[in-house]
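So you can see what is in the structure, the chains are spelled out below.
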Amino acid sequence: LDQRLDADAQPRGDRRQLTSAVSNLLDNAVKYSDAGSTVEVAARLDDGGVLSVSVADRGIGIPARDLERIFERFYRVDQGRSRDTGGTGLGLDIVRHVAANHEGTVEVESRLGVGSTFSLHLPAHLVADPTTSPTASPTTTDTPAQELAR
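Draft legend 1. Summary view of the overall build of the chain. Tallying secondary structure elements over the chain gives four helices and five strands in all. Its helices and strands in sequence order give the chain the pattern β-α-β-β-α-α-β-β-α, from N to C terminus. The buried share of the chain, taken over its 150 residues, is 42%. Sequence separation of 24 or more characterises 65% of the internal contacts of the chain that already satisfy a separation of 6 or more. Here the chain displays about 8,500 Å² of accessible surface, and carbon together with sulfur accounts for 49% of that area.

Draft legend 2. Quick look at the pattern of salt bridges. The full count for this structure, using the stated rule, is six salt bridges. A salt bridge links Arg58 to Glu40, with the shortest nitrogen-to-oxygen separation between them at 3.0 Å. Taken as a pair, Arg58 in the loop between strand E3 (51–56) and helix H2 (82–85) and Glu40 in strand E2 (residues 40–45) lie far apart in primary sequence, 18 residues in all. On the basis of relative accessible area, Arg58 is assigned to the partly exposed category, the value being 44%. Residues Asp93 and Arg73 are paired through a salt bridge, measuring 3.2 Å at the closest nitrogen-oxygen approach.

Draft legend 3. Just the nonpolar core, in detail. One finds Leu51, Val55, Ile70, Phe71 and Phe118 to be the most contacted residues of the largest nonpolar core, which totals 27 residues. Of all the elements in the fold, those that place two or more residues in this core are helix H1 (15–31), E2, E3, helix H3 (91–101), strand E4 (105–111) and strand E5 (115–122). Ranked by residues supplied to this core, first place goes to H1 with six residues. Beyond its immediate chain neighbours, meaning those up to four positions away, Phe118 contacts Leu25, Val53, Ser54, Val55, Ile62, Ile70, Phe71, Leu92, Glu107 and Val108.

Draft legend 4. Molecular detail of H3. Burial in H3 covers these residues: Gly91, Leu92, Asp93, Val95, Val98 and Ala99. As for H3, its buried residues are in contact with H1, E4 and E5.

Draft legend 5. Region of the structure containing H1. Taking 1.5 Å per residue as the helical rise, H1 with its 17 residues ought to reach 24 Å, and the 24 Å between its terminal C-alpha atoms agrees with that figure. Three or more residues of H1 are buried, namely Gln17, Leu18, Thr19, Ala21, Val22, Asn24, Leu25, Leu26, Asn28 and Ala29. Its side-chain oxygen at 3.0 Å from the backbone nitrogen of Arg16, Asp14 defines the N-terminal cap of H1.

Draft legend 6. Spatial organisation of the side chain of Ser110. When you line up the elements, Ser110 lands in strand E4. Note on Ser110: relative accessible area 15%, which makes it buried. There is a polar contact of 3.3 Å between the side chain of Ser110 and the backbone oxygen of Gly115. Setting aside chain neighbours within four positions, we find Ser110 in contact with Gly61, Ile62, Leu67, Gly115 and Ser116.

Cut-offs used in this document
- Residue indices follow the written sequence of each chain, beginning from 1 at its first position.
- In view of the model being predicted, local features appear only for residues whose pLDDT reaches at least 70, and side-chain atom pairs are presented and counted only at 80 or more, with totals across whole chains, interfaces and linings using the full set of residues.
- Working from all heavy atoms in the structure, the side-chain values ignore hydrogens and water.
- The numbering of helices and of strands both runs from the N terminus, where a helix is a DSSP run of H or I of at least 4 residues and a strand a run of E of at least 2.
- For every residue, the accessible area (1.4 Å probe, protein chains only) is compared with the maximum for its type, and the residue is labelled buried under 20%, exposed over 50%, or partly exposed between those bounds.
- Only heavy atoms enter the contact rule, under which two residues are in contact if any of them lie within 4.5 Å.
- Shrake-Rupley sampling with a 1.4 Å probe provides the accessible areas, and residues are treated as covered by the protein chains on show and by no other component.
- In what follows, salt bridge is the name for a side-chain nitrogen of Lys or Arg lying within 4 Å of a carboxyl oxygen of Asp or Glu.
- Residues belong to one nonpolar core when they are buried, are Ala, Val, Leu, Ile, Met, Phe, Trp, Tyr or Cys, and are joined through side-chain atoms within 4.5 Å.
- Each helix should span, by expectation, one fewer than its residue count multiplied by 1.5 Å.
- The term polar contact refers here to a pair of N or O atoms within 3.5 Å; inside protein, the definition further demands a hydrogen-donor-capable atom paired with an acceptor-capable atom, and it admits residues adjacent in sequence only when both atoms are side-chain atoms.

Quick look at the structure:
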């Protein structure tokens with residue numbers, strides 16, 4: 001696991017939901033990657049204050065024809081793999097709902113045989129200002145991405 005986390009990337013929102021979203025993305029990245037390959041997690045703020053949490057793998061990738069449907073409830077790219085990898089086809093639907101609940105978005109970039117990158121984007125007003133936040137101190141609790149990256 002390779003992590004690149006912006007220290008100022010402190011989301012405000014439902015901690016349980018945000019942790020669930022990042023956990024689902026990490027779980028998929030590990031499931032669909034070869035043993036020993038790297039999964040990268042990054043959390044960063046853009047110039048407009050939008051927080052992006054990205055999970056990238058070097059796994060099997062997703063066919064272009066399936067990219068529009070992968071966030072649908074119970075949708076599986078390959079029904080045959082469900083026996084090998086487990087799961088119900090709910091993980092990415094959960095991520096989509098968490099993004100919507102936080103006025104954000106989720107997107108995917110993927111190439112077969114190369115891997116996938118999923119990015120959860122949260123609007124600026126849901127990102128704590130590190131200069132005024134009461135949690136901005138050396139004892140700040142970890143963000144959901146930091147908790148899961150440990």
